[in-house]
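An overview of the molecular structure
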Amino acid sequence: MNAGVGETKKQKKGMRFTITLLFISTSDLRKGRRRRRGRRKGRQKASNRTRSIYSCVVCSSAHESSPSPDEVSIEEKVKRENEDMAGRYVFKMFCGERIIGLVTGYDKETSKFKIVYEDCNNDLIDKEILLRTLAPPTLVDWMFDSHRMPRLLCILQQKVLDDEEQEGRLGFVFIENDGVDEHMIWLIELKNLFSRHLPHVPKEYIVRRVLDLNHKSVMVIRRNQDVVGGITYRPFLSQGFVEIAFCAVMANELIKGCGTRLMNHLKQHARDMEGVTHLLTCADSNVVDYFLKQGFTKEITLEKDRWQGYIKVCDGGILMGCELHPKLPYSYTTTMTSHQRQEIIERIREASNSENVVYPGIDFQKGEAGIPSCPIKVEDIPGLKEAGWTPDQYGHSRFKTENDSADTASNQESITAFMHSLLKQIYDHPDAWPFKEPVDSDNAPGYYDVIKDPMDLKMVTTRVESEQYYITLEMFLADMKRMFANACTYNMHHTVYYKCANRLESFFSGIFQSGLQDNKFQQN
């Protein structure tokens, strides 16, 4: 059958329509398949050629006088990839210790990355320059815990993002479904990003929310063309809050701090442009930690009658909210904190009596149970008196005896006697048996992998009897609380160890408070 197009016109009750029929021969179908196979092979060859050119450009060993258009495009691609490395965390092993570093830039002339490391003393070391062709330090592709975050590198990382924004390589734009072609393209890319990162959410639901006229979006744009992250939200202006529907950022941008900066831009815009005071969202359990770091809490401070009925809490979701401060510059929080930190350092230097003076260290060796092998008097620490220390600051505690004006030795004897009496009552309690000796790892598999700071009554007793470790009641109280907390962390709530810990902790709290009154301790 020959290929052809036929048209049939039909008239029925004043209605006219056209039916178009397309006829394609079998031979033409075979020709089409051959053409498609040829195109696939051509693309495959081009891809192989691209990979080989990319290798040459990375090694920077081939210097051609007249590069072809394809080679220029590949060079541009490599250049962009190298520039995008700025702001990424890396680490390397040095003397058995892992040191965290930050890529601050890429030198195009020398084809080298510039990396700044933060040492164990929280000082920046700006001396590491690595060749692009050599194996770089290992990239960090996970978020740090808040207590392990490299503080100075975090500030430096935000400065790198500031520079990218000023140079136009990174942008944050607010877009809604207004029919503008460029905006619609970005909305579709954002929809695709949400679909990839939120596979459990139906795609139809994502499309309806992203393209809904009542919803708006803020996006992270790379080089004014690539959408690498975004938040879709709906403002309820009459109720004074914004509901966050979706939030997703690509992993390589999230590790560089774009997630925090994206949320800060939304906070600034929602407060200044939308005029709202709260952000609310129904967070999945996997992203609760992210929202907690952004200042969200599970306790909603907004009046319930203002948001109830407007937000649908999904099954398994956790309702979280964030109250916006009326004066805080969210878009410039990192710059502001950096300036405040510098100002505090300058004030400390002005008030310091021993600026730029380095005193010799002390030989401090710990013995059993962390007790000092050789006691050192506080007043003998070099440089302490010069820094303004006075003897009345020794062992500062909120628990004071009535004869607080007496010498330090008598006060220490009172504290030690009080701790001895508490321990005797604890030992006699029927629920104290799990805590009298250190935990045996054979009976509790993996205990010391979970509990990093173990504590037991035997260690506490050793420290009390030394009369050198607990110089304040707070130190003794902290060790006892740690012992109970360790038991509750490792054991399930239905186990006998968990129940013993709770009962013994309640008993200890009672005798501690009553002991303070009997021994005439005053709590400030």
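Note that the structure is predicted; figures quoted are calculated from it, not measured. In this numbering scheme, every chain counts its residues from 1 along its sequence in written order. Totals for whole chains, interfaces and linings use every residue, but because this is a predicted model, local features are given only for residues with pLDDT of at least 70 and side-chain atom pairs only at 80 or more, for both listing and counting. Side-chain metrics rest on all non-hydrogen atoms present in the structure, leaving aside hydrogens and water.

1. Quick notes on the overall build of the protein chain
Applicable threshold: Secondary structure elements are taken from DSSP: a helix is a run of H or I of four residues or more, a strand is a run of E of two residues or more, and numbering for both begins at the N terminus. Per-residue accessibility, obtained with a 1.4 Å probe over protein chains only, is compared with the maximum for each type, and a residue is labelled buried under 20%, exposed over 50%, and partly exposed between these values. In what follows, residue pairs with any heavy atoms lying within 4.5 Å of each other are defined as contacts. Per-residue and other accessible areas follow the Shrake-Rupley method at a 1.4 Å probe size, with only the shown protein chains counted as cover for residues.
Scanning the protein chain from N- to C-terminus turns up 15 helices and 15 strands. The buried share among the 524 residues of the protein chain stands at 35%. Taking the intrachain contacts of the protein chain between residues at least 6 apart in sequence as the baseline, contacts between residues at least 24 apart amount to 60%. Split by element, the accessible area of the protein chain, about 32,300 Å² in all, is 51% carbon and sulfur.

2. Structural notes on the pattern of salt bridges
The condition that has to hold: Any Lys or Arg side-chain nitrogen found within 4 Å of a carboxyl oxygen on Asp or Glu counts as a salt bridge.
Tallied over the entire structure, the rule returns 16 salt bridges. Taking the shortest distance from any N to any O, the salt bridge between Asp431 and Arg503 comes out at 2.9 Å. You can see Asp431 sitting in the loop between helix 11 (408-427) and helix 12 (447-450) and its partner Arg503 sitting in helix 15 (residues 496-518), a full 72 residues away along the chain. Look at Asp431 and you get buried, because its relative accessible area is 10%. Among the salt bridges present, the one from Asp453 reaches Arg482, with a minimum N-O distance of 3.0 Å.

3. Considering the side chain of Arg169
The criterion, for reference: Pairs of N or O atoms within 3.5 Å make up the polar contacts considered here, provided that, within protein, one atom can donate a hydrogen while the other can accept it, and that residues adjacent in sequence are counted only when both atoms are side-chain atoms.
Tracing the sequence through the fold places Arg169 in the loop between helix 3 (151-167) and strand 8 (170-176). A polar side-chain atom of Arg169 sits 3.0 Å from a polar atom in the side chain of Glu167.

4. Digging into the sheet that holds strand 10 (residues 226-236)
Condition: Strands were regarded as paired on the criterion that DSSP finds at least two bridges between them. Interaxial angle, 0 to 180 degrees, is taken between N-to-C directions of lines fitted to C-alpha atoms, where a helix line uses only the stretch in contact.
On the basis of which strands lie adjacent, the open sheet formed by six strands has the order 8-9-10-11-12-13 and mixed pairing. Two strands close off the open sheet at either side, each with one partner strand: strand 8 and strand 13 (318-323). Going across the sheet, the axis of each strand differs from the next one's by a mean of 25 degrees, ignoring polarity. With eight bridges joining them, strand 10 and strand 11 (residues 241-249) adopt antiparallel strand pairing. Each bridged residue has a counterpart across the sheet, and for Gly230 the counterpart in strand 11 is Ala248. Contacts from helix 4 (residues 181-197) reach strand 8, strand 9 (216-222), strand 10 and strand 11, with the element oriented near 95 degrees to strand 10. Along the sheet, helix 5 (residues 203-210) contacts strand 10 and strand 11; its crossing angle with strand 11, the most-contacted strand, is approximately 125 degrees.

5. Looking at the nonpolar core
The criterion, for reference: Among buried residues, those of type Ala, Val, Leu, Ile, Met, Phe, Trp, Tyr and Cys that are joined through side-chain atoms within 4.5 Å constitute a nonpolar core.
Phe435, Leu457, Val460, Phe476, Met480, Phe508 and Phe512 are the most contacted members of the largest nonpolar core, which totals 28 residues. Put simply, the parts of the chain that give this core at least two residues each are helix 11, helix 13 (457-466), helix 14 (473-490) and helix 15. If sequence neighbours within four positions are ignored, Phe508 has contacts with Leu422, Ile426, Phe476, Leu477, Met480 and Phe484. In terms of nonpolar packing, the next biggest core, distinct from the first, is built from 27 residues, Val220, Leu266, Val288 and Leu324 among them.

6. Overview of the packing of aromatic side chains
The condition that has to hold: The aromatic pairing rule takes the rings of Phe, Tyr and Trp, using the six-membered ring of Trp, and pairs them if the centres are within 6.5 Å, calling planes under 30 degrees apart stacked, those over 60 edge-to-face and the rest tilted.
Inspection of every chain in the model, using the stated rule, returns 17 aromatic pairs. Relative to Phe246, the ring of Phe194 has its centre 5.4 Å away and its plane inclined at 45 degrees; by these criteria the two rings are tilted. Within this pair, whereas Phe194 is found in helix 4, its partner Phe246 is found in strand 11, the two being separated by 52 residues in sequence. Given a relative accessible area of 0%, Phe194 falls into the buried group. An angle of 55 degrees between the planes, with centres 5.8 Å apart, marks the rings of Trp433 and Tyr497 as tilted. One end of the pair, Trp433, is in the loop between helix 11 and helix 12; the other, Tyr497, is in helix 15, and 64 residues separate them in sequence. Using a relative accessible area of 46% as the deciding quantity, one classes Trp433 as partly exposed.

7. Let's talk about the environment of Gly321
Examined against the element boundaries, Gly321 turns out to sit in strand 13. The exposure class of Gly321 is buried, given its relative accessible area of 8%. In this structure, the C-alpha to C-alpha distance between Gly321 and Ala283, residues 38 residues apart in sequence, is 9.8 Å. Discounting residues that sit within four places of it in the chain, Gly321 has contacts with Leu279, Leu280, Gly295, Phe296, Thr297 and Ile300.

8. Some points on the confidence of the model for the protein chain
The cut-off we apply is this: Every residue gets a pLDDT, meaning the predictor's confidence in that residue, from 0 to 100.
Counting all residues, the mean pLDDT for the protein chain is 75, and 69% of those residues have values of 70 or more. Mean pLDDT values for the elements of the protein chain range from 39 in strand 1 (residues 4-12) up to 93 in strand 11. Contacts from residues 45-72, a stretch scored under 50 in pLDDT, to residues over four places away or in other chains number 18 contacts. Residue range residues 141-147 is modelled with pLDDT below 50. Its contacts to residues more than four positions away, or to other chains, number twelve contacts.

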